[in-house]
Amino acid sequence: MTASPTLFERIIAREIPSDIVYEDDDYIAIRDIAPKAPIHLLVIPKRVSARLDEITDAAEMGRLWLTAVKVARQHAADYRLLVNSGEKGGQVVFHTHIHILAGWEHGPDSDT
């Protein structure tokens, strides 16, 4: 029995529409549909791992973070990168991804 494709696999396959802000051979970045900041993007590896700590190759981990920084800098001068790992860590979609949060006028603890 094979597992059903994740939501992100379906977005990568263009089965579900999404606002794509970046894409290369290995990653896709989209706008979050339930943003927690004025700018809320998700950087998603096309190679599936359920959670960040399943990535054991240093080069692969480095490329993921470098891609997140590249995408973040394209959208904001200052930003927060966030990863939830596991259900008790707040992860909802079990396909590794990095959140980019930015765009607050007075910082992340402000209302804007």
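Given the structure is predicted, the values throughout are model-derived calculations rather than measurements.

The subject of this paragraph is the pattern of salt bridges. Tallied over the full model, the rule gives 6 salt bridges. Put simply, Lys46 and Glu23 hold a salt bridge, and the shortest N to O gap is 2.8 Å. Pair noted here: Lys46 is in the loop between β3 (39-45) and α2 (58-75) and Glu23 is in strand β1 (residues 20-23), with a separation of 23 residues, a long-range link. By relative accessible area, which is 26% here, Lys46 ends up partly exposed. The partner of Arg47 in a salt bridge is Glu60, with the nearest N and O atoms 2.7 Å apart. With Arg47 in the loop between β3 and α2 and Glu60 in helix α2, this pair connects stretches of sequence that are 13 residues apart. When salt bridges with common partners are traced through the structure, they connect Arg14, Glu23 and Lys46 into a single cluster.

Next up on the list: the nonpolar core. Grouped together as the largest cluster of nonpolar side chains are 16 residues, with contacts concentrated most on Val43, Leu64, Val71 and Ile100. Put simply, the parts of the chain that give this core at least two residues each are β2 (27-31), β3, α2 and β5 (98-102). With 4 residues, α2 is the single largest residue contributor to this core. Non-local contacts of Ile100, meaning those with residues more than four positions away in its chain, are made with Ile39, His40, Leu41, Val43, Ala68, Val71, Ala72, Tyr79, Arg80 and Leu81. If you look at the next biggest cluster of nonpolar residues, it comprises 8 residues, including Phe8, Ile12, Ile28 and Val93.

Criteria and thresholds
- Residues numbered from 1 in each chain as written.
- Predicted model: local features only at pLDDT ≥ 70, side-chain atom pairs only at ≥ 80, totals over all residues.
- Heavy atoms only, no water.
- Salt bridge = Lys/Arg side-chain N within 4 Å of Asp/Glu carboxyl O.
- Helix = DSSP H or I, 4+ residues; strand = E, 2+ residues; numbered from the N terminus.
- Buried < 20%, exposed > 50% of the residue type's maximum accessible area, 1.4 Å probe, protein only.
- Core = buried A, V, L, I, M, F, W, Y, C linked by side-chain atoms within 4.5 Å.
- Contact = heavy atoms within 4.5 Å.

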